[in-house]
Structure formats: structure tokens, C-alpha cells
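What follows is the residue order along each chain.
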Amino acid sequence: MKNKILILSFLTLTGFLGCQKGNENVIMNKEDNFKYLTEQFADLAILRYQVPGWDKLTAKQKVLAYYLYEAALSGRDIFYDQNYRHNLVIRKTLEAVVNSYKGSRDTEDFGKFMVYTKRVWFSNGIHHHYSMRKILPEFSREYFNDLVNNSDASLLPLAENEKPEDLLKTLIPVIFDPDIDAVRANLEPEADLIKTSANNYYGRNISQKEVEQYYDSVEDKNDTTPVWYGLNSKLVKENGRLTELVWKEGGMYSAAIEKIVFWLDKAAAVAENDLQRQWISKLAEYYRTGNLETFDEYNILWVKDTVSTVDALNGFIEVYGDPLGHKGAYEAIVSIKDFEATTRIAAISSEAQWFEDNSPIAPEHKKKNVVGISAKVINVVVESGDASPSTPIGINLPNANWIRKEYGSKSVNLGNIVYAYDKAASEEVLKEFAYDDEEIRIAKEYESLSDNLHTDMHEVIGHASGQINPGIGTPKQTLKNYASTIEEARADLVALYFLPDKKLLDIGVAPNDEMYKAEFNKFIRNGLMLQLQRIKPGDNIEESHMRNRQLISKWVYEKGMKENVIEKKTRDGKTYFVINDYSKLRGLFGELLKETQRITSEGDFKSARNLVENYGVKVDPVLHKEVLARYEKLNIAPYKGFINPVLEPVFTNGEITDVNVSYPADFTEQMLYYARNYSFLPVKN
Ligand code: ZN
């Protein structure tokens, strides 16, 4: 069930995307001055993303996406409450202070209060979104008293006849005492995982053993198509008996779920096609009834829908927040198909034979009939619950194993999210490691497009190219542990070799003959320096994509040394690698492509080993140390989350005729906006 590809930081991004190029796997070709990184605090960075392709949607598709967007945000409160029973009260108290505190805001303490509040928003509660440990404020209990007592009492989440001091009595230990409800989901095996976890999935008086016995008794072990027992309920003990409070219309969380259903019904009415209408309606039916078989039916319909432009997932999905893996966290993501990526990939794929025929590899290693591979990318419109502000970069759902086996799963990359990650991280890094303004200019102007093209060509024509000599066996058999490094190198080299080719201009995917330089610069910078940042001091390179990048970069650097193709320069004690001759570098890429193809075609293990061991594995310890030191100074936050775009419907004669998208830039404002518009669950203190 670990189907969600999470990003912890950009450091760990590469390697999560299967054979793809990792953090270069981004889809968008519009260069812009959009601000991706808005602020950093604690261990967090706040980013933004755009929705490329929104303007290409029909009015009806935009309206559909808008209804699904409203459905997504309507469930936002649920995730707070699932994470901890006091979360909503705490959030509303913090928001009341932010909105109405009468004291000075220009103090260090207030700054610390805002950092705490933003961390709570980021984590959808008072436990860290990743470590799941309680976040402790850096201001005092006395100051918190002062904040609450000097805020508008009418905004506080007070029960009837309750006074602010009563509220404080409840909240202060919960917020400040590190021992009370310290961990959201405890995974230490010796403890009672239910009693020691602070999440709100089980009643306070239930033990792990009781939960296990309960689900043992209700699960049918002979069922080959089992529902995910307990996925959409809270298990409680009432009058000594265990019972499930189901999250459905009329059940627990009804106030929010009614809104979700309201918007899903509207969405179903404007669906793009019948299958899409069916799965949206099925999802609404599931929320109405709470029936988990209906949820499975919805999943099967959803998996079958591969044609719709607008897509959404919405439900109780991932179970990481429950140490016993029963309870699904509320999550929603609305997305649209990436048109630009789809068009570009199709243009390259349809010319796959031309690229094969014009490749520098030996004629006998060329395929007579090469078929390009396709790849799927989406752009996110909004995320909510478990997917926001911290987000996955790829999704592979549904989680039910029997559905995956019988009906398959949907696996998609969140193109615009990955792109934003890349942009936010790369600006500082670029300034630090690029040699001069010209290199920075080229990168800023073209890097997103050249990156995308590299990824497309790597995937679509790179892996598809070349053939193995008869009777040789697969690379896994012949090249063994070096097979994947050689394979990734081969695919990268196809992309690098063809990036400067006039053919890309002819088929309309490259704007000019300068664009490719951005990728050449980046590849060399990354292969010889940047990626060393992910390696611990004293370690060698193990991961095959990383080995491949160093292998290529080091090989062309060494082979071009005599003619000074790539020059190692030092300035103020900092090392730079500068490309002096792009066309000779292309020639070297071609030579190495020919050689890696020969190794693959002939199954030449000895040459594969020599190439990888001599160029791909060993790290220059002095340069490594320098790279780590330079990165450390950049102060890049390990966890990142996103401000969502805002959709606003345009009405004509009472009907929605269009939907505008805008990109707010202030995290606090967005959180307050959501609080005003999507606080549907009643708060019982
Ligand atoms: Zn690959």
C-alpha cells in the first residue's frame, strides 16, 4: 500500500520515479517570472505552482474542475480532526488570534506565534506532518494566555457558557506539555500502538488488542475481493461494545461530507463522458452510504477512465496515519491532463524511426522498426487534506490489491508540482554553481524546456532505441549489476546527442539552436558536482541514475581534455566546469552513445564494468567536500509545501460560464481564506 510517492526534500527526489530522470522530470515550456518560493520558516518552505493548460480547457471542463475543486476543499476539516481530536479547536483558536489580537504584532514573541501557527497549518494539526511528533511552540504559556485573552472572544471556538480561560485550561497542556499525546502515529513495536498514538481514529479507551480482535472478527479471510475493513470509520467503545462511527452523510463528519456530495452531484452533471459521470456519481453514492463495496466499485470505474481530461481523486485514501493501517486519511487532488507534454511527446514519438536511422550507433545495432513509448503527466489544479500543503509528486492508486491485479492502477506524475519543486530549488543552486551570467541567462531562459525535452527523449526514444545481437541475452543477464547504469546512460545519451539536432526545430519542439545549451550546461554541472550533494562524506555513488550521470560527464570531460572541450576553472576557491566547445561535446556524447550501445548489443560485461567503475562510482573527496559546504550555505528547507491556486467562477445570468484561475502568494492568507470558506465541521471543545 505504499503507493504514494512522497518527496521529503529535493535531495531525495531522484530515484523515486522509476526509470525516469528524477527531478528533471518536469513538464512545462513556458518561461516566466513566476515566484515559486514564497517563504521559509522552521524546517519548511512554502512554494506555489501554476496550472499550465487551464486556458485550453473548454468552459464545461473548467466548470467540472471547479465543482471537483469545491468538493476537494470541502473535506479539509476532516483531516485535521482525524489527526487529533483537539486540532480543530486549536486551529480555530490560533486563527482567532491571527485575525483579532489587539496587542503588538511587532515583537519576537508574535513572530514565534506565527511560525507555530503556520507549522500547524502546514501539518494539518499540532503534530509534525512527517515525523508525526508534537510541534512545541517557542513562546511561553503566559504569552499564549495574553494572546487569547486579548483577542476577540466571539471568534474563539467556545462551547456554550464557556469562557476563554476555560478554553485555555484545556489547550495549554495539550499544546505545551511534550508528554501529552506526543506522537500522532506511534510505530514503536513494543508499545500499545493504539493507546500511545494521538490520532483520532480510535476511541480513547480502546487497546491495540481490542482493535485487532475486532477486525479479525469482521474480516472474511476467504473473500478474494475484500473491502478495506475500517477504512472510513472511527472505532469507538460504547457501553462496553465496539462500534464503528462511519464517515458518511448522516454519520460522523456529515457536515463536511454533505458539502462534498453536493459538489460531486454538480460535477457529475457536467461530466466529459459517460464513464466519468459514472465514477463521480459512484463516489457521491459512497459518501452518502458509507458502503465500502461502493467505494471499490468507484475505484474500478475510475481506473478504467483513461480518456477524460479532468480527473480527481477524493476519499479516505492512505492509511499511514493509523499504525494498524485500517483508517484512511481524507485526501483530494483535482488535475488536468498535461496537453503540452502530450503534444510534445507525440511529436517526438512519431519520429522515432528517424532518430534511430540518424543515430551515431553502429548500423547493425539499429532497430528496423522502432516504436516510441508514451508517458503520462498531469497538472494539479488543487490539493486538499492529506495531500496539502505537503504533496506527493506521483500517485499510483487504488490501494486495494485485488483491484490492482484485476483492473490495474493509475500511475501519474504531478508535472506542475515537480516543476515547481525544481524551480524553487534550482534558483539558488544555479547562482552558486553557474560560472557566469551567460550560463545563468541560458538556464533561466531554456532550462525548463530543455529539461522536459531531455526527459521526453530519454523516455520516448532513448530506452526504445537500439537492438541486441542475436543469441546474446538481455542486458540483465549479460551486464548484470552494471545493466541499469549502462541502460540509463544509453537513454540519456540519445537525448543529449539529439537535443542540438535541427530535427527538433523541424518538428516544432525546439525554439532555436541555443536551447540545448541549457541542458548541456546543466548535465555537466550536475554530473560532475551538484549530485554529489546527495552522497554522504566517504561514500561512493551507488544509485544507477547517479552513476550514469557521473559516468557520462566524467568520460566526456576526460576525453575532451586535450582539446579543452570542458574546462575546470577555479574562482575564489570555488570550482566550476565550463563548456568551451558545444559541438565537440555533442560529438563526444555521440561516441559514448555508440560505445554503450555496442556494450549492450554485444553483452560486453568487461567493458561495462570498466566504464562504470572507472567513471561512475568513485567520488573525488576534495570536490565532494566543497560541494557539500557550498550547499550548506544555501540554507534550503528540507520539507516543502504548496499554496494552491484559487478558482473563481464567472456567472452570466445565474449560470457559470467560465472559471478564472489565480495564484495567491501568501500562505497565511490562503489558510485564513480556507478557514473562512471551508470550516464545515462543528467544533466541540
Ligand atoms: Zn530511464
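As the structure is a prediction and not an experimental result, all values here were calculated from the model. (Residues numbered from 1 in each chain as written. Predicted model: local features only at pLDDT ≥ 70, side-chain atom pairs only at ≥ 80, totals over all residues. Heavy atoms only, no water.)

### Notes on the overall build of the chain
- On a plain count of helices and strands, the chain comes out with 24 helices and 15 strands.
- Taking 26 Å as the expected radius of gyration for a compact globule of 685 residues, we find that the chain reaches 27 Å, a close match to that expectation.
- For the chain, with 685 residues in total, the buried portion stands at 60%.
- Accessible surface, the chain as shown: approximately 27600 Å² in total, 48% of it carbon and sulfur.
- Counting 84 positive and 100 negative side-chain charges, the chain places the centres of these two groups 2 Å from one another. (Helix = DSSP H or I, 4+ residues; strand = E, 2+ residues; numbered from the N terminus. Rg over C-alpha atoms; globule rule 2.2 N^0.38 Å. Buried < 20%, exposed > 50% of the residue type's maximum accessible area, 1.4 Å probe, protein only. Areas by Shrake-Rupley, 256 points an atom, 1.4 Å probe, with all protein chains shown as cover. Lys, Arg positive; Asp, Glu negative; His and termini not counted. Charge placed at Lys NZ, Arg CZ, Asp CG, Glu CD.)

### Notes on helix 17 (residues 483-498)
- Compared with an ideal rise of 1.5 Å per residue, which puts 16 residues at 22 Å, helix 17 spans 23 Å between its outermost C-alpha atoms and is within 8% of the ideal.
- Where burial is concerned, most of helix 17 is hidden: 15 out of the 16 residues are buried. (Expected span 1.5 Å × (residues − 1).)

### A look at the packing of helix 15 (residues 437-462) against helix 19 (residues 515-528)
- One way to put it is that helix 15 packs onto helix 19 with a least axis distance of 7 Å and a crossing angle of 90°. Between helix 15 and helix 19, the angle is such that the two are roughly perpendicular. Residues E439, I442, A443, Y446, E447, L449, S450, D451, L453 and H454 of helix 15 lie in contact with helix 19, whose contacting residues are M515, K517, A518, E519, N521, K522, F523 and R525.
- Among the residues forming the contact of helix 15 with helix 19, the class breakdown is eight nonpolar, three polar and seven charged. (Axes fitted to C-alpha atoms, helices over the stretch in contact; angles between N-to-C directions. Parallel < 35°, antiparallel > 145°, perpendicular 65-115°, else oblique. Contact = heavy atoms within 4.5 Å. Nonpolar A, V, L, I, M, F, W, Y, C, P; charged D, E, K, R; others polar.)

### Digging into helix 19
- Compared with the 20 Å implied by 1.5 Å per residue over 14 residues, the 21 Å span of helix 19 between its first and last C-alpha is a close match.
- Counting buried residues along helix 19, 13 of its 14 residues qualify, which places the element largely inside the surrounding structure.

### Concerning the pairing of strand 11 (residues 566-571)
- Pairing between strand 11 and strand 12 (residues 574-579): six bridges, direction antiparallel. Each residue of the ladder has a partner; that of T570, found in strand 12, is T575. (Pairing = 2+ DSSP bridges.)

### Description of the sheet that holds strand 13 (residues 639-643)
- The sheet built from three strands is open, its strands ordered 2-3-13 with mixed pairing. Looking along the sheet, the strands with just one partner apiece sit at the ends: strand 2 (37-41) and strand 13. Going from strand to strand, the sheet's axes swing by 25° on average, the running direction of each strand aside.

### Thoughts on the pairing of strand 14 (residues 646-652)
- Of the strand pairs in this sheet, strand 14 and strand 15 (residues 655-662) are connected by seven bridges, and their pairing is antiparallel. Following the sheet pairing, T652 is matched in strand 15 by E655.
- Linking strand 14 back to strand 15 in an antiparallel pair, the connection comprises two residues, with N653 at a positive phi of about 50°.

### Structural notes on the pattern of salt bridges
- Counted under the stated rule, the structure contains 37 salt bridges.
- E285 is the salt-bridge partner of K282, the closest N and O atoms lying 3.5 Å from each other. With a gap of three residues between them, K282 and E285 both fall in helix 9 (residues 274-289), about one helical turn apart.
- Relative accessible area serves as the criterion here: at 18%, K282 is assigned to the buried category.
- Here R525 and E447 are joined by a salt bridge, their closest N and O atoms 3.2 Å apart. (Salt bridge = Lys/Arg side-chain N within 4 Å of Asp/Glu carboxyl O.)

### Describing the packing of aromatic side chains
- Across all of its chains, the model carries 46 aromatic pairs by this definition.
- Taking the centre distance of 5.4 Å and the plane angle of 35° together, the rings of F433 and Y631 count as tilted. With F433 in helix 14 (residues 415-433) and Y631 in helix 23 (residues 621-634), this pair connects stretches of sequence that are 198 residues apart. Each member of the pair, F433 as well as Y631, is classed as buried.
- Ring plane angle 90° and centroid distance 6.1 Å describe the contact between Y516 and Y582, whose orientation is recorded as edge-to-face. Linking Y516 in helix 19 with Y582 in helix 21 (residues 582-602), this pair joins segments that are 66 residues apart in sequence. Each member of the pair Y516 and Y582 is classed as buried.
- Taken together, the ring pairs in this structure connect Y201, W247, Y253, W279, Y286, Y287, F295, Y298, F316 and Y330 into an aromatic cluster.
- The ring centre of Y576 lies 4.7 Å from the NZ or CZ of R571, which sits over that ring. (Phe/Tyr/Trp six-rings, centres within 6.5 Å; stacked < 30°, edge-to-face > 60°. Lys NZ or Arg CZ within 6 Å of the ring centre and 35° of its normal.)

### Notes on the environment of N99
- Within the secondary structure, N99 sits in helix 3 (residues 87-100).
- Between the alpha carbons of N99 and I656 there is a distance of 32 Å; along the sequence they are 557 residues apart.
- In this structure N99 touches R105, L155 and L672, once residues within four positions along its chain are discounted.

### Some details on the confidence of the model for the chain
- The predicted model of the chain has a mean per-residue pLDDT of 91, with 94% of residues at 70 or higher.
- Every residue in residues 1-31 scores below 50 in pLDDT, and together they form 115 contacts with partners more than four places removed in sequence or on other chains. (pLDDT = per-residue confidence, 0-100.)

### Description of the nonpolar core
- I78, F113, F144, L264 and Y287 are the most contacted members of the largest nonpolar core, which has 133 residues in total.
- With 10 residues, helix 1 (residues 59-74) is the largest single contributor of residues to this core.
- In contact with F113, other than residues within four places in its own chain, are L94, V97, V98, F139, Y143 and L147.
- Counting 73 residues, the second largest nonpolar core, distinct from the first, contains Y482, L493, L532 and V565. (Core = buried A, V, L, I, M, F, W, Y, C linked by side-chain atoms within 4.5 Å.)

### What about the packing of helix 9 against helix 10 (residues 292-304)?
- Running from N to C, helix 9 and helix 10 cross one another at 160°; their axes reach a closest spacing of 8 Å. Considering the angle they form, helix 9 stands roughly antiparallel to helix 10. In this structure, helix 9 crosses over helix 10, and the sense of that crossing is left-handed. Packed against helix 9, whose contacting residues are L275, Q278, W279, K282, L283, E285, Y286 and T289, the element helix 10 presents L292, T294, F295, E297, Y298, L301, W302 and K304 at the interface.
- Here the contact of helix 9 with helix 10 is built from residues that sort into nine nonpolar, three polar and four charged. (Left-handed = near helix turned anticlockwise from the far one by under 90°.)

### So, the environment of A271
- Take A271: it is sitting in the loop between helix 8 (254-269) and helix 9.
- Those residues in contact with A271, other than ones at most four positions away along the chain, are K60, L64, Q276 and R277.

### Some details on the side chain of S544
- Mapped onto the secondary structure, S544 falls in helix 20 (residues 544-559).
- What makes S544 buried here is its relative accessible area of 17%.
- Of the polar contacts made by the side chain of S544, one reaches the side chain of S484; its length is 3.4 Å.
- For S544, the contacting residues outside a window of four places in its chain are S484 and T485. (Polar contact = N/O pair within 3.5 Å; in protein donor to acceptor, adjacent residues only side chain to side chain.)

### Side note on unusual backbone geometry
- Of note, the amide linkage connecting S388 to P389 takes the cis form, showing an omega dihedral of -5°.
- Within the fold, P389 resides in the loop between strand 8 (377-385) and strand 9 (392-397).
- With a phi angle near 65°, N161 is a residue other than glycine that sits in the positive phi range.
- Along the chain, the position of N161 falls in the loop between helix 5 (141-149) and helix 6 (164-176).

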